[in-house]
Amino acid sequence: FNCIYRNPNEPVEARVKDLLSRMTLKEKVGQMTQIERRVSTPDAIRDFSIGSVLSAGGSVPFEKALSSDWADMVDGFQRSALESRLGIPLIYGIDAVHGNNSVYGATIFPHNVGLGATRDADLVKRIGAATALEVRASGIHYTFAPCVAVCRDPRWGRCYESYSEDTEIVRKMTSIVTGLQGQPPQGYPKGYPFVLGRNNTIACAKHFVGDGGTHKGLNEGNTISSYDDLERIHMAPYLNCISDGVSTVMASYSSWNGSKLHADRFLLTEILKDKLGFKGFVISDWEALDQLCEPRGADYRFCISSAVNAGIDMVMVPFRYEQFVKDLVYLVEHGNISMSRIDDAVERILRVKFVSGLFEHPFSDRSLLDMVGCKLHRDLAREAVRKSLVLLKNGKDSRKPFLPLDRKAKRILVAGTHADDLGYQCGGWTATWDGRSGRITTGTTVLEAIQKAVGDDTEIIYEQYPSADTLAREDISFAIVAVGEGPYAEFRGDNLELAIPFNGTDVISSVADRLPTLVILISGRPLTLEPWLLEKMDALVAAWLPGSEGEGIADVIFGDYDFEGLLPVSWFKRVEQLPMNALDNSYDPLYPLGYGLTYNKG
Ligand SMILES: OC[C@@H]1[C@@H](O)[C@H](O)[C@@H](O)c2nc(CNc3ccccc3)cn21
């Protein structure tokens, strides 16, 4: 090895120091720059020494591209990075937040709210490990996960990305970090980034801090709270992630008491880096710097100066990178940003790159391709679905439970908008940014799972909106009605009403008036359930956003497995009660945090 930074036998900090000492200001700034794949030309990556490339939600090489196609694309970008003067490898980032969800054929796990219902840290760690394998199989090194938001108001459009309203449950589910990155060895230095090897990814704890605590759940809004409450409720999960060696932290679009997180030096540097000892890098969110001045993007130099001086190390620009590089170089040359701040940022970025092994193994490992969507991973996802289901009602008379259902029944009516829609059961951040209806990837719908589960002599009648004739029949044993929310992401999910969409209430009511009925609610959060509606249904299961493995639902409603899920969020009676969290003094939920019936324990 002709120099220290290229020698894997040298300590990481020596390699960081050596490489940093060789870099020009432009190369340092290039490493702080993350660009979107659509503007990532070979020349841009090489000539600007770009540090990272990402896929926005839904930004794919082409429709239904397979993991091998993704790996070809990422390796192509990497070849350009290695042609730069110092040959610093780039890291490719993507939102693999419930499996490698942008990639066709990948296993889609339940979204975080469902995982919170499992209370199973080991399960979530195994999901992290499986996700990391499928991400690395696609050649990608870095996932913008986990979201460790503590969602205090279900009106927030990203409620389903939060494991729970309860900080302690979120802290427990941070076990996904050691699944994704690998488990640091005993005595590993606190706060230092860790990535075990080629089957692991760089992870990202997000969005620092208080993203789930904004006023009325407004996305990118303002979290009004004392520092003690911010620390106790929203910051605590980051301590777990940092002690588990999380390599990156993403700053939040939101504000704390009116101060934009991306420009908040106290929280990003004095707390996260100095007090909590975080040694990885802090990445901005998408075009978040542009929001730091009014009107948006008006004074980009001011925005860059505010964010970088506050402690942002890598900027998800992601399109106007020439402008960004030019302005940041200008700001350093004119003393608005110190070289020591730049060196700190670049050290952190290089540290993660050396720790992740990218200098030794910059290209994809094709031997991982047969792990994508494999039976092992789909069985794991199915287990997660089973454990995420929360039984809220079982029988109009608790002495006569309605579930488990009889799989040998003569005739079953399956109804509702969510009975046969893979896209609906996966939710947002699947195939595209905000999700779609229909056959968006490979998987098993609720209806298909029921069809597989029932006896040969059982007839299934499937109608999204059952006809009057069907409802007039006298020969149907019982009905299963699957309704809920359509897919959404971020601001598109902000919702003050929280009613069941697509006339779900009418479908439930018309069916339950005529038949013994199980209702399965597919949603990212609790929805309004009027008392008169609840009374009509014989049983109610909250299934959250279960993902591709719908068989997990049939496993439980037909009794092969018992329910284990417990509510990770309070179920309100009326939206006027919100925000309403456990331990509030006027706590009056329909179903409290932690509620969940079982077959055996009642
Ligand atoms: O996808 C990258 C990040 C993601 O990791 C953050 O959690 C999330 O806050 C986030 N939002 C955007 C911007 N969203 C967007 C929506 C439609 C088209 C393009 C970008 C990007 N990102």
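In what follows, the structure referred to is the one given above.
Residues numbered from 1 in each chain as written. Predicted model: local features only at pLDDT ≥ 70, side-chain atom pairs only at ≥ 80, totals over all residues. Heavy atoms only, no water.

K.L.:
Is there a simple way to think about the overall build of the chain in this case?
P.N.:
The helix and strand tally for the chain stands at 20 helices and 17 strands. Its C-alpha atoms give the chain a radius of gyration of 25 Å, within 12% of the compact-globule value 25 Å for 602 residues. Along the first, second and third principal axes, the C-alpha atoms of the chain reach 80 × 50 × 45 Å. For the chain, with 602 residues in total, the buried portion stands at 65%. (Helix = DSSP H or I, 4+ residues; strand = E, 2+ residues; numbered from the N terminus. Rg over C-alpha atoms; globule rule 2.2 N^0.38 Å. Buried < 20%, exposed > 50% of the residue type's maximum accessible area, 1.4 Å probe, protein only.)

K.L.:
I keep staring at unusual backbone geometry and nothing clicks. Help me out?
P.N.:
Most peptide bonds take the trans form, and the phi angle of most residues other than glycine is negative. Here the residue pair valine 317 and proline 318 is connected by a cis peptide bond, since its omega of -15° sits within 30 degrees of zero. Within the element layout of this structure, proline 318 appears in the loop between strand S11 (315-316) and helix H12 (321-333). Of note in this structure, lysine 64 is not a glycine but carries a positive phi near 60°. Mapped onto the secondary structure, lysine 64 falls in the loop between strand S2 (52-54) and helix H4 (67-82). You will see that leucine 583, though not glycine, has its phi angle at about 80°, which is positive. Position of leucine 583 relative to the elements: it lies in the segment after helix H20 (551-557). On the basis of relative accessibility, which here comes to 86%, the residue leucine 583 falls in the exposed class.

K.L.:
Quick question: what am I supposed to make of the nonpolar core here?
P.N.:
As a rule of thumb, soluble globular proteins bury nonpolar side chains together. In this structure, Phe208, Leu267 and Leu328 are the most contacted members of the largest nonpolar core, which totals 114 residues. Broken down by element, this core gets its largest block of residues, 8 residues, from helix H13 (residues 339-355). With residues near it in sequence (within four places) discarded, leucine 267 still touches Phe208, Val209, Tyr227, Leu230, Met235, Trp256, Leu261 and Leu272. Counting residues in hydrophobic clusters, the runner-up holds 77 residues, among them Val414, Trp433, Leu471 and Leu527. (Core = buried A, V, L, I, M, F, W, Y, C linked by side-chain atoms within 4.5 Å. Contact = heavy atoms within 4.5 Å.)

K.L.:
Explanation requested: the pairing of strand S7 (residues 248-251) in the structure shown.
P.N.:
Two faces belong to every sheet, and in a regular strand the side chains alternate between them. Residues Thr248 and Met250 line one face of S7 and the alternating positions Val249 and Ala251 line the opposite face, and both faces are buried. Two strands pair when backbone bridges link them, and strand S5 (residues 204-208) and S7 are joined in this way by 4 bridges, in the parallel orientation. Across the sheet, the residue bridging to phenylalanine 208 is alanine 251, located in S7. The pairing of S7 with strand S10 (residues 281-283) spans 3 bridges and is parallel. Bridge assignment links valine 249 to a residue of S10, and that residue is valine 282. (Pairing = 2+ DSSP bridges.)

K.L.:
I keep staring at the sheet that holds strand S9 (residues 259-260) and nothing clicks. Help me out?
P.N.:
Sheet strands line up and pair through hydrogen bonds in the backbone, either parallel or antiparallel. Taking strand neighbours across the sheet as the criterion, the 3 strands line up as S6-S8-S9 in an open arrangement whose pairing is mixed. Both outer strands of the open sheet, strand S6 (222-223) and S9, are each paired with one neighbouring strand and no more. In terms of strand pairing, S6 meets strand S8 (residues 255-256) through 2 bridges, oriented parallel. Bridged to asparagine 222 within S8 is serine 255.

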